[in-house]
Amino acid sequence: MRLVYFIILFALAAVVALTASDESKATGGDPSANSKEENKEELNEFDRQHEEAGILVLTDQNYEEVIKSYPAMLIKFYAPWCIHSREFAPEFVKAGFILKEKNSPVRLARVDASVEKKFAEKYDVKGYPTLKFFKGDLVIDYNGGKTGESVVSWIETKMKQATTAITTIKEAEEFTTADSVTLLGLFSKDNFTEMSKLLEDTAFTRLNEVPCGVTDNEELMAHYQVARDTILMFKNVDKERLSYEGPFDVDSIAAFVKANKLPLVVEFTHHSAPDIFGGDIAKHALLFVRKSQEQQFKSSFSQFRESAKSFKDRVIFIYIDVDNGDNEKILQFFGVKPSDPPSVRVIALDRNMSKFRPTFESVTTEGVTEFVQDVLDNKIDPHLASQELPDDWDKEPVKVLVRKNFDEVTMDQNKTVFVMFYAPWCDHSKELAPVWEQLAKDYAHNDTIMIAKMDSSENELPDMKVMSFPTLKLFPANSNDVIDYYGVDRKLESLKIFLDSNGKKQPGINDFKEPNEPGNNEDSDKTKDEEEKSDKTDDEGEVKSEEDTDAKQEL
């Protein structure tokens, strides 16, 4: 998925959550003798557990030879100071013991990527821990669960044949109708070995969850009217069959599947989200509708689907079931009220997540087509939500901002304005609210400082996109700068340090560096940046963000 869509705002809390001894290792400081002994004992126990589980240790010098010695290997790239690496270590050890008990030919291995940098860089390791599966000359990213059992289950699945041999017409019909999308490779007997291996490699490395079949049965080729080696895609939702016409290589076949696997209109679910956002199409048309209202759903969906035919390969058409509680935050993000459906919106991911709202009320093919085309032609301005300015917006210590007064207040050169961008439904925003109130009270008598807040679920700014809640930004006096707060916590004292320094001090970040710390020279600074980013990653190496960014991560 485009894990993509959102700028992660320097959330480095995980780094400082490490113990004092970890900070010493990360910064190059000199811990006490007792700390050194404790770390040594802990490290020895860590090594002992991994060794007993049969987990190999790889280095820049030995990894190529060791990998070739086994049919398959799951390798964990980690950093000793990374809290997520530590949390995952017991489960990785458990997986090792399970594989050992099963006498599995697959081995687990680990590599300290903060030391063995050539190996890590070769396979583009960005976060810790990152897991990669090596099978023959193929390498894929691990995307399974976080428990020892789920690791083993994932490995066993990947060790199975990635393609299914099809020998009869009956088998082919059952296979190609069992899933929403399937591939069937029909190859001549002369080319079958080479072509089936190609599709096997493609399925293993790139076609996650797309069943692939292969056959050299001439009767099947005649049945599907195929006169030469080809790959067919069966899209059962749209009752469509596509024939692959491109070159026979892994990248081209994978690109064909990626571009065509979605149906004409796809329902938004957690299962479909990676396919929706993993492609190259940046404009999405969304139909908010209630599936429980059968007649209305059928009518709106039919009109919406008919319009989608005009925009294939340019816009992804998606429908969202308003009755599904999992979609509540998405409705809030798009400003869709319970009484609105059926209603349509368009979002342009390539235009700063700009949202567009039509003028029509009823969903018709003509109305949707004209609306979407106008967005593509840049004839419609993005819709920006805004509340009305309360009469008493400046009566309380925390001043209330809406879109209409935002620029006037924050651009006042005589005041430094510290703004909390929040959402009422966000738990993190709720936790920060009393601290923010106290901060405002403490600076209430300072005429040059204003503490303010803006409900970003109801107010949107044309030149500033808020990507998570709460987001804190400082607008210093006598300056046009905007400084993000990314200190390690949101405690009152930390916020005061940031504010009193006019945004120059990020608590827990600036004071994290020592004179001999990596980061005080150009080369190691890059390493430090990567380490800070890495320690914000989850067990599969995906960047973590706050739980209340769910709606924006999904859409």
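Anything mentioned here points back to the structure above.
In this text, all values refer to a predicted model and were calculated from it rather than measured experimentally. (Residues numbered from 1 in each chain as written. Predicted model: local features only at pLDDT ≥ 70, side-chain atom pairs only at ≥ 80, totals over all residues. Heavy atoms only, no water.)

1. Things to note about the sheet that holds strand 19 (residues 471–475)
Basically, it comes down to this: Strands qualify as paired when DSSP identifies two bridges or more between them. The helix count covers DSSP runs of H or I at least four residues long, the strand count covers runs of E at least two residues long, and both are numbered beginning at the N terminus. Contacts are assigned to residue pairs that have any heavy atoms within 4.5 Å of one another. Every axis in this analysis is a line fitted to C-alpha atoms, fitted for helices over the stretch in contact. Angles between the N-to-C directions lie between 0 and 180 degrees.
Strand order in this open sheet of five strands is 16-18-17-19-20, and the pairing throughout is mixed. Each end of this open sheet is capped by a strand with a single partner; those strands are strand 16 (398–401) and strand 20 (483–484). Strand direction decides the pairing type here: strand 17 (residues 416–422) and strand 19, joined by five bridges, are antiparallel. Note that in strand 19 the partner of Val417 across the bridge is Phe475. Sitting on the sheet, helix 16 (residues 403–410) touches strand 16, strand 17, strand 18 (449–455) and strand 19, and the angle it makes with strand 16 is about 125°.

2. Some remarks on the pattern of salt bridges
Any two side chains of opposite charge can pair if their charged atoms end up close together. Note the cut-off: By definition, a salt bridge exists where a carboxyl oxygen of Asp or Glu is found within 4 Å of a side-chain nitrogen of Lys or Arg. Working definition: with a 1.4 Å probe on protein chains only, accessible area under 20% of the residue-type maximum means buried, over 50% means exposed, and in between means partly exposed.
Counted according to the given criterion, the structure contains 22 salt bridges. Asp442 serves as the salt-bridge partner of Lys496, at 2.8 Å between the closest nitrogen and oxygen. Taken together, the residues Lys496 in helix 18 (residues 492–500) and Asp442 in helix 17 (residues 427–442) connect sequence positions 54 residues apart. The buried category is assigned to Lys496, whose relative accessible area is 18%. Classification of Asp442 as partly exposed rests on a relative accessible area of 36%.

3. Remarks on the nonpolar core
Rules: The criterion is simple. A nonpolar core is a set of buried Ala, Val, Leu, Ile, Met, Phe, Trp, Tyr and Cys residues joined through side-chain atoms within 4.5 Å.
Ranked by size, the top nonpolar core spans 22 residues in total, and within it Leu74, Phe92, Leu108, Phe133, Val151, Trp154 and Ile155 carry the most contacts. Excluding its chain neighbours within four sequence positions, the residues that come into contact with Val151 are Leu74, Phe88, Ala95, Tyr142 and Gly145.

4. A few points about the sheet that holds strand 14 (residues 343–348)
Within a sheet, adjacent strands bond to each other through the backbone by hydrogen bonds, running parallel or antiparallel. The sheet built from five strands is open, its strands ordered 11-13-12-14-15 with mixed pairing. The sheet is open, and its two edges are formed by strand 11 (265–267) and strand 15 (354–356), each paired on a single side. Adjacent strand axes in the sheet meet at a mean angle of 25°, parallel and antiparallel pairs treated alike. In terms of strand pairing, strand 12 (residues 283–289) meets strand 14 through six bridges, oriented antiparallel. Looking across to strand 14, one finds that Ala285 is bridged to Val346. Packed on one face of the sheet, helix 13 (residues 294–308) meets strand 11, strand 12, strand 13 (315–321) and strand 14 and runs near 165° to strand 12. Running over the sheet, helix 15 (residues 365–376) touches strand 12, strand 13, strand 14 and strand 15 and is turned about 20° from strand 14.

5. Concerning the packing of aromatic side chains
Let me state the cut-off plainly: By convention, a stacked pair of Phe, Tyr or Trp rings (six-membered ring in the case of Trp) has centres within 6.5 Å and planes under 30 degrees apart, an edge-to-face pair has planes over 60 apart, and any other such pair is tilted.
Under the criterion given, the structure shown has 26 aromatic pairs. With centroids separated by 6.3 Å and ring planes inclined at 50°, the aromatic side chains of Phe133 and Phe204 adopt a geometry described as tilted. One end of the pair, Phe133, is in strand 4 (residues 130–135); the other, Phe204, is in helix 9 (residues 192–205), and 71 residues separate them in sequence. Assessed through its relative accessible area of 0%, Phe133 is described here as buried. An angle of 75° between the planes, with centres 5.0 Å apart, marks the rings of Tyr485 and Phe498 as edge-to-face. Of this pair, Tyr485 sits in the loop between strand 20 and helix 18 while Phe498 is found in helix 18, placing the two residues 13 residues apart along the sequence. Chaining the aromatic ring pairs together yields one cluster made of Tyr63, Phe77, Phe119, Tyr123 and Phe134.

6. What to know about the environment of Ile330
Looking at the secondary structure, you find Ile330 in helix 14 (residues 328–334). Accessibility expressed as a relative area gives 0% for Ile330, which makes it buried. Ile330 sits ten residues away from Ile320 along the chain, and the two C-alpha atoms are 8.9 Å apart.

7. Side note on unusual backbone geometry
With an omega of -10°, the peptide bond between Tyr128 and Pro129 qualifies as cis. One can find Pro129 in the loop between helix 6 (117–122) and strand 4. The linkage connecting Phe469 with the following residue, Pro470, adopts the cis geometry, with an omega of -15°. With respect to the helices, strands and loops of the structure, Pro470 is situated in the loop between strand 18 and strand 19. Within the chain, Asn103 stands out as a residue other than glycine whose phi angle is a positive 55°. Its identity as a non-glycine residue notwithstanding, Asn502 has a phi of 60°, on the positive side. Of note, Asn502 is situated in the loop between helix 18 and helix 19 (522–534).

8. Re the side chain of Arg290
For Arg290, the position within the fold is in the loop between strand 12 and helix 13. Non-local contacts of Arg290, meaning those with residues more than four positions away in its chain, are made with Phe297, Asp321, Val322, Asp323 and Pro338.

9. Considering helix 11 (residues 250–260)
Heads up, the rule is: Think of the arc as the fan of directions from the helix axis to the C-beta atoms. The term polar contact refers here to a pair of N or O atoms within 3.5 Å; inside protein, the definition further demands a hydrogen-donor-capable atom paired with an acceptor-capable atom, and it admits residues adjacent in sequence only when both atoms are side-chain atoms.
Of the residues making up helix 11, those classed as buried are Ile253, Ala254, Phe256, Val257 and Asn260. The buried residues of helix 11 all sit within an arc of 155° when viewed along its axis, so they share a single face. As for helix 11, its buried residues are in contact with strand 7 (181–186), helix 9, strand 9 (230–235) and strand 10 (240–243). Between the side-chain oxygen of the N-cap and the backbone nitrogen of Asp251 there are 3.2 Å, and the N-cap of helix 11 in question is Asp249.

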